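These are the residues of each chain, in order.
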Amino acid sequence: MLQNKNAIASYQWGLSFQYFPFKRLENVSVINEFLFNHKGYMQDFETDYHFRFNYLSFPILINYSLFSDLSIQSGVELSKLSSTNVTQGRRTYNNFDMGLVFGMSCYDTRRVSFYSRITYGITPMLDYYRIDDLGNFAGEIHDLKNVCISVGVKFKFCHEKIHLYR
Amino acid sequence: MKKYTYIVSLLLMFGLSSCEGIFVPDPIDPRLPKYTEEGNDVAGAFVDDLFWKSVVECHFSVTDEPQLMLLPQKDSLILRFYGSTLDKSASIEFYLKGSKVTQFSDLAAWEGKKILLNGISGCGIYNDDETSSVFRSQSGQFYLKHVDITRKIISGTFGFTAIDNTGKIIKIKSGRFDYCDPKIRGESREDE
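Going along each chain's sequence as written, the residues are numbered from 1 onward. Here the convention is simple: chains get letters from A, ligands get numbers from 1, in the order in which they are written. Confidence filtering applies because this is a predicted model: local features only for residues at pLDDT of at least 70, side-chain atom pairs given and counted only at 80 or more, and all residues used for totals across whole chains, interfaces and linings. Where side-chain values are given, they derive from all heavy atoms of the structure, hydrogens and water being excluded.

Peer 1: Can you walk me through the overall build of chain B in this structure?
Peer 2: Elements are defined by DSSP. Helices are runs of H or I of four residues or more, strands are runs of E of two residues or more, and each kind is numbered from the N terminus. Per the secondary structure count, chain B includes one helix and 13 strands. Tracing chain B from N to C terminus, the helices and strands come up as α-β-β-β-β-β-β-β-β-β-β-β-β-β. When a residue's accessible area, from a 1.4 Å probe over protein chains only, is under 20% of the maximum for its type it is buried; when over 50% it is exposed; and in between it is partly exposed. Within the span of chain B, comprising 192 residues, buried residues form 48% of the whole. Note that accessible areas follow from Shrake-Rupley with a 1.4 Å probe, and for residues the cover is restricted to the protein chains shown. Of the accessible surface of chain B, which amounts to about 9,800 Å², a share of 54% is contributed by carbon and sulfur atoms.

Structure representation (C-alpha cells):
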C-alpha cells in the first residue's frame, strides 16, 4: 500500500537473560530479553521522509544448542512504542507490536558471542482510512508490519548458568 | 541603540510570524496531511503531480487564516482555503449552493454530506495567484465528513477536475482539511 518505501539501518541494545529449565535437556534454554529497539522506514518522493520508532521490546525465545558453539532460537517479540519522530505519531501508529523471531547465534558459551535474527511483525502498525482521489472513504487499511533483520554482539557479564530446576 | 534593536526585533517577531497548523503526515503519502478530526488547521491536496498545502500567515493585523465566508443572501456557502503550490500562492475555494447557514452551528446539517462540484449543486475553484489562472470544477465532490459544534471543528475531503478559460485541465486529488474555529464572515451571533 505504501509507495516508494525503503528500509533503514538502525540499532538495538539491551539485556539478555538465559535460563535452563530442563535438567535432562541441557541444550534447550529460554532467552528473555529487554531491548531498546529503534525501528523505522523511509519513503522516497521528491525528498526523503524518515519514520523512526523507538520500541521497548521483550523477546521470549526458545534456544536450542546444535553444537557447543552454535544455537538457533525462535519465539515472539512483544514491543511497546515509546516514542517516534512523527508528529502525533502515537495517535497514528499502533502502540503495541508483536513479531515472530527466528535467529541463530554462535560462541554462546564464551564471553563474547554473536547473533543474527529476523523479526517478522504479525500485527499491523497502521490502522487507517483508505481515501480515494475524490475523497471517498473506501474501507480501512491495516498495513505496515515491522520486518527487522539484525546482527549483533553479546557481552556476557555473568558466566553462571541459571538453572530453573533442582 | 540597543533599545531600538530590541523594539524592531519584537515588532518583526509579532508582525511577521506565521501561524501554521499542526501538520501530521499522512501515513500513506507523507506529502499530504493525515485526515484528522482534531482541528489541526491544515489542508492539503495534489494539483496534478504537485502538492498544494495550506499556509496561514499573519502580518500585523492582516491574517490569512482559513475563512468560512457565508453569503446567506445568495443562499450559498463559500469555503476558502489559502495555501501555496511550490511555494507560490494558490487558494482553493468551494461554492456550495442551497445552504441555510447563518452561523457555525448550522453546519451540523451538512455533516456527512457529499456535494457534487458540477456547477449546479456546488463548484470548486483553484486560484493560481502566480499566473492569475482560475480553474473551475467540471466534476468532483466536496465531503464535509465531520462537524463538531462544541469545539468548532470542520473536517472533510475533496477532489475535482477543473478547467481554466484557455481549456487547460487540472486534477485536484486526495484533498483533505481539518480546521478549528474558522473565521466566519457574515455570521450572526449565537446569542442573538
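Peer 1: Can you walk me through the pattern of salt bridges in this structure?
Peer 2: Should the charged atoms of two oppositely charged side chains come close, the side chains can pair. A pairing counts as a salt bridge when a side-chain nitrogen of Lys or Arg comes within 4 Å of a carboxyl oxygen of Asp or Glu. For the structure shown, the criterion picks out twelve salt bridges over all chains. The partner of A:Glu46 in a salt bridge is B:Arg31, and the shortest N-O contact between them spans 3.0 Å. With A:Glu46 in the loop between strand 3 (28-44) and strand 4 (48-67) and B:Arg31 in the loop between helix 1 (2-15) and strand 1 (42-47), the pair connects residues from two separate chains. According to the relative accessible area criterion, B:Arg31 is buried, its value standing at 13%. The closest approach of N and O atoms between B:Arg31 and B:Asp29, which form a salt bridge, is 2.8 Å. With relative accessibility at 10%, the residue B:Asp29 sits in the buried group. It is possible to trace a salt-bridge network through shared partners that takes in A:Glu33, A:Arg117 and A:Lys154.

Peer 1: What should I look at first to understand the pairing of strand 9 (residues 122-128) of chain B in this one?
Peer 2: Consecutive side chains of a regular strand alternate in pointing toward one face of the sheet and then the other. Residue and element names in this part refer to chain B. In terms of residue burial, strand 9 counts as a mostly covered element, since seven of its seven residues are buried. Residues Gly-122, Gly-124, Tyr-126 and Asp-128 point to one face of strand 9 and Cys-123, Ile-125 and Asn-127 to the other, with burial holding for every one of them. Criterion used throughout: strands pair if DSSP finds at least two bridges between them. Of the strand pairs in this sheet, strand 7 (residues 88-97) and strand 9 are connected by seven bridges, and their pairing is antiparallel. Note that in strand 9 the partner of Leu-96 across the bridge is Gly-122. Strand direction decides the pairing type here: strand 9 and strand 10 (residues 133-148), joined by four bridges, are antiparallel. Of the residues in strand 10, the one forming a bridge with Ile-125 is Arg-136. Once strand 9 ends, the chain turns through four residues before running back antiparallel as strand 10, passing Ser-132 with a positive phi of about 60°.

Peer 1: Can you help me understand the side chain of A:Ser105 in this one?
Peer 2: Residues and elements named next belong to chain A. Turning to its location among the elements, Ser-105 is positioned in strand 6 (residues 96-106). Polar side-chain contacts of Ser-105 include one of 2.9 Å to the side chain of Asp-108. Aside from chain neighbours lying at most four places away, what touches Ser-105 is Asn-63, Asp-69, Leu-70, Ser-71, Gln-73, Phe-114 and Tyr-115. Whenever a nitrogen or oxygen atom comes within 3.5 Å of another N or O atom, the pair is scored as a polar contact, on the condition that within protein one atom can donate a hydrogen and the other can accept it, and that pairs from neighbouring residues in sequence are kept only if both atoms are in side chains. Residue contacts are counted whenever heavy atoms from the two residues lie within 4.5 Å of one another.

Peer 1: Looking at this structure, I do not really get the interface of chain A and chain B. What am I missing?
Peer 2: The extent of an interface is frequently quoted as the accessible surface area lost upon association of the parts. Each side of the interface is counted separately: chain A has 25 residues, and chain B has 27 residues. A simple way to read buried area is as the amount of 1.4 Å-probe accessible surface that goes missing from two parts once joined, with both sides added. Taken over both partners, the interface formed by chain A and chain B buries close to 2,100 Å², and the fraction arising from carbon and sulfur atoms is 58%. Among the residues of chain A in contact with chain B, A:Tyr128, A:Asp133 and A:Leu134 are the three that bury the most area, contributing 25% of the side total. Seen at the junction of chain A and chain B, the total is two salt bridges. If you look at where chain A meets chain B, you find eleven residue pairs in polar contact (both at pLDDT 80 or more). It is strand 8 (residues 126-131) of chain A that provides the largest number of residues to the side of chain A that touches chain B, a total of four residues. Across the side of chain A that touches chain B, the residue classes tally to 15 nonpolar, six polar and four charged. Three classes are used, and their members are as follows: Ala, Val, Leu, Ile, Met, Phe, Trp, Tyr, Cys and Pro are nonpolar, Asp, Glu, Lys and Arg are charged, and the others, Gly among them, are polar.

Peer 1: Quick question: what am I supposed to make of the confidence of the model for chain B here?
Peer 2: The predicted coordinates of low-pLDDT regions are not to be read in fine detail. All names here are of chain B. On a scale of 0 to 100, pLDDT captures the predictor's confidence in every residue. Per-residue confidence for chain B gives a mean pLDDT of 80, with 74% of residues at or over 70. For chain B, per-element mean pLDDT is lowest for helix 1, which scores 51, and highest for strand 11 (residues 153-163), which scores 95. Taken together, the stretch residues 188-192 has pLDDT below 50 and engages in six contacts with residues farther than four places along the chain or on a different chain. The ipTM for the predicted assembly is 0.81, set against a pTM of 0.81.

Peer 1: What is the right way to look at the side chain of B:Gln141 in this model?
Peer 2: You can see B:Gln141 is positioned in strand 10. Polar contacts involving the side chain of B:Gln141 include one to the side chain of A:Asn136, which spans 2.6 Å.

Peer 1: Hey, could you run me through the packing of aromatic side chains in this one?
Peer 2: Aromatic ring pairs: the centre-centre distance and the angle between the two ring planes describe each pair. Pairing of aromatic side chains requires ring centres within 6.5 Å, counting the rings of Phe and Tyr and the six-membered ring of Trp. Pairs whose planes differ by under 30 degrees are stacked, by over 60 edge-to-face, and all others tilted. Inspection of the entire model under this criterion finds 24 aromatic pairs over all chains. Between A:Phe34 and A:Phe58 the ring centres are 5.5 Å apart and the planes differ by 80°, which places this aromatic pair in the edge-to-face class. Separated by 24 residues along the polypeptide, A:Phe34 in strand 3 and A:Phe58 in strand 4 bring together distant segments of the chain. Accessibility expressed as a relative area gives 34% for A:Phe58, which makes it partly exposed. Residues A:Tyr129 and A:Phe137 carry aromatic rings whose centres are separated by 5.2 Å and whose planes lie at 80° to one another, so their mutual orientation is edge-to-face. By the ring-pair criterion, three or more aromatic residues cluster together here, those being B:Phe81, B:Phe94, B:Phe142, B:Phe158, B:Phe160, B:Phe177 and B:Tyr179. B:Lys114 extends its terminal NZ or CZ atom over the ring of B:Tyr143, reaching a point 5.0 Å from the ring centre. Note on geometry: a ring has a charge over it if NZ (lysine) or CZ (arginine) is within 6 Å of the ring centre and within 35 degrees of the ring normal. The cationic tip of B:Lys145 hangs over the ring face of A:Phe137; the distance from NZ or CZ to the ring centre is 4.8 Å.

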